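# Coordinate inspection notes
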Amino acid sequence: MSGRFSPDTVERVKESADIVEIISAHTDLRRQGQRFTGLCPFHEERSPSFSVDPREKLYHCFGCGVGGDVIKFVEEKEGLAFPEAVEALGERYGVEVEREAEDPRAEEARKRRARLWELLERTAAFYVTFLWDSPKASKARDYLQGRGLGEDVLRAFAIGYAPSAWDQVLTRGQRAGFSIEEMRAAGLIQQGRQGGFYDRFRSRITFPVRDPRGRVLGFGARGMGEDAKPKYLNSPEGELYRKSRTLFGIDRARGAMARAGRAVVVEGYTDVLALHQAGIEEAVAVMGTAITPEQLQLLASHVEQVVLAMDSDRAGRDAMVRAQRVAGAKKMSLRVAAMPPGEDPADMLSSGPPERFMEVVDEAVDLPVFEVESALAGADMSSPAGRDRTLDEVVPVLAAMGESISRAELVRRVADRLDADPGLVLRRIEGREKAPDGHRRGAAGGDARATDPGDAAPPRVASGNGQRQVLSARELQERALLAMCIAAPKEGREFLARLTPDHLSSELVARAWRWLSDHLDAPMDGLPRDDDELVALVTQLVMTAEREPGSREAMELNLLQLEQRMLEDRLGAARERGDDQEQIRLSRERAGLAERIAHGDGPG
Ligand SMILES: [Zn+2]
C-alpha cells in the first residue's frame, strides 16, 4: 500500500485506540482522578511522574519531558515510523486505514475479505441460535454445562452448535446472496466425491476463532457423536484462516493481557472459556499444537511475558526450542507453568478455586530451565550412554539461550547431574553454535544474548530523549501561562497576542507560542510530527491546561511577571553596555510594573 492517509484516518485511529491499554503494556498505570499515573517508561525513576490522559489520549512525563499522543507513544516505544504506527493501531483497534487513491486491486481484495467476514459472522450467529434454541442441541448444552461453563461466557464467545443436516449453512448462505465460491473460501462448505457441496461442520459444537479485532476467521468444532472423527475439526487453511497464526480468545483477552503484562496460553477452547469465566481473562488458546513463531509475534505486540499452561511434553522439545528462539529475539520471556499431571486448566478450575491455578501460573519457570530440568528428571543415569543421550537433549536448549549467566548456571547443573566435565558440556554447546548448517544459531536474528531469560524484559530506557527535565522558575511560568491560554481560549487569544518572543526564555517555548497562536482551538491537530520537542511540549501544555483554572487575573499576573523578568534581562544588558540612560528608563518601567503587580491591575 502506498499513498497518504485519507484525512480522517488518523483521527479515527486516535479516537479508537485505548491509550491506557497501550501504555499499560510498558508500565503499570493507576487511576488518579481523571488521569492515570505511573513510572515513566522512558526514564529510570522511583516515584511516578508519568501521566496519561485517557480522554485526550495524551501522555506526558513531568520528569523527563517526553510526551505526545497515542500514535507518538507507539512510534517511540515500538520503534515505528508514523505511517507504520498508524497502521499498527488501526489494525489493533479495527479502524480501516484508508489511503487516498487506493490501488483498485487492493480495494477489491479488501471488499472480498469484508464479505467473507460477514458470511462467517452470520454463520457464527446461526450456530449460536441453534445451540440455545434447538432441542437437537441438548446434548451439546449438557456437555458444555458438564464442563462447568455458564451461558454468559458461552454467549460472550459466541459458542454455537452446527446442526446435523448437510445443507443448512449452504442454503442459508445462498439465500443471503453469497456464492458457492465465497462459502468455500470461508471454509464453511466442501465438495463431495460426486461434485456436490455440503456443510463442513455438522453435529459439532462450534468455537469461532477471531482475529484481535474480533472478526471471525474460522471455526474449531468439537464432534458430539460417539463416532465423531476427528474429535476436533478446524476450518481448512484458507484466505482468512491460518491455524498457526491465530489464537482462540485473543480478541477478548487483549485488554487483560495488556493490564497483566502477560498472556496465559492454554491448549483447549474450553480452557479459555473456563479461565475467562473465573476472571482470568488474559488467557488464549493454541489449538493442540506447540506455540508457533507467528502466534508469539501476535502476542509480542501485547505482552512481554508468555506463560504456557499446557502439557509441554506433548509439544515436543524441538518446537519449544524454536519458540524460545523467537521469544528471545523479541525480548519476551517465555515461561512454563507445571500443570498437575493429568489435569488441564478447565479441570483445575472445576475442582478448586482460581487461586490454585494462578499459583501454578505465578510459579512458572523460564522455558530453558523447564526443558533442562525435565530432561534431567527423565535421564537414565545408570550408563554413560544414557547420560550421553540426555546431554544430546539439553545441548540444543542451552545453545538457543545464547551466552549468559543463566546459561552458565544451567551448564553447571547439567554437568553436575550427569557427572560430566563442565568444559565438555560447553564444548558441545559451542560445537552446536558453530554448526555449518547455520540454523541453530542465526535463526533468532543473530542476537543470541537476547535469549537470556534473566533479562528478557526490555530495558526501560528512552529512545534518545530521556534526559531529566530541569526547568527554571521562569520557564515554568511561561509554560503555565501558555497552558492557561489553552484552558481559557477566549482570554488566551488576547494574551497570546500580547506575548512576544522576548518574554520567552527559549526558542522551544517560542515555537510553542507561535504554534498556539494559530492553533489554539485544537492544539494537537496537525502538529509537525517530526518536531519531537514541540509535540512533547504542546502535549504537556494541553494536559496541564485541564488543571489550570486559566482565570483572567491569574493570566494577567503571570504575564506581568514575565514582563518583569524580560525587563530584568534588558536592564542587565544595558548595565553591561554601560548605557545609563537606558538603565534609568528601564528601572522606572520596572518600578511601575511592580506597582501594577502589587495592585493586581489590568493591562494599562
Ligand atoms: Zn520520563
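Residues numbered from 1 in each chain as written. Predicted model: local features only at pLDDT ≥ 70, side-chain atom pairs only at ≥ 80, totals over all residues. Heavy atoms only, no water.

## Considerations on the packing of helix 5 (residues 104-133) against helix 8 (residues 168-175)
Relative to each other, helix 5 and helix 8 sit at 130°, their axes nearing to 11 Å. What the angle tells us is that helix 5 and helix 8 run oblique. For the pair helix 5 and helix 8, the crossing hand works out as right-handed. For the pair helix 5 and helix 8, contact is made by Thr123, Phe126 and Tyr127 and by Gln168, Val169 and Arg172, respectively. Residues of the contact of helix 5 with helix 8, tallied by class, amount to three nonpolar, two polar and one charged. (Axes fitted to C-alpha atoms, helices over the stretch in contact; angles between N-to-C directions. Helix = DSSP H or I, 4+ residues; strand = E, 2+ residues; numbered from the N terminus. Parallel < 35°, antiparallel > 145°, perpendicular 65-115°, else oblique. Left-handed = near helix turned anticlockwise from the far one by under 90°. Contact = heavy atoms within 4.5 Å. Nonpolar A, V, L, I, M, F, W, Y, C, P; charged D, E, K, R; others polar.)

## Considering the coordination of the zinc ion
The coordination sphere of the zinc ion contains the protein donors Cys40 (SG), His43 (ND1), Cys61 (SG) and Cys64 (SG), at a distance range of 2.0 to 2.3 Å. Because the angles between the four donor atoms bound to the zinc ion fall within 102 to 120°, the donor set is best described as tetrahedral. Judged by its relative accessible area of 7%, His43 falls in the buried class. (Donors = N, O, S within 2.8 Å, 3.2 Å for Na, K, Ca; no water. Tetrahedral: all angles 85-135°; square planar, octahedral: opposite > 155°, others 65-115°. Buried < 20%, exposed > 50% of the residue type's maximum accessible area, 1.4 Å probe, protein only.)

## Some remarks on the environment of Leu424
Among the structural elements, Leu424 can be located in helix 20 (residues 422-433). Owing to a relative accessible area of 32%, Leu424 belongs among the partly exposed residues under this scheme. Note: C-alpha distance between Leu424 and Val411 (13 residues apart in sequence) is 9.9 Å.

## A word on the packing of helix 21 (residues 473-487) against helix 22 (residues 489-498)
For the pair helix 21 and helix 22, the least separation of the axes is 6 Å and the interaxial angle reads 135°. Considered as vectors, helix 21 and helix 22 are oriented oblique to each other. Residues Leu482, Cys485, Ile486 and Ala487 of helix 21 form the contact with helix 22, whose participating residues are Pro489, Gly492, Phe495 and Leu496. Of the residues assigned to the contact of helix 21 with helix 22, the class counts are seven nonpolar, one polar and no charged.

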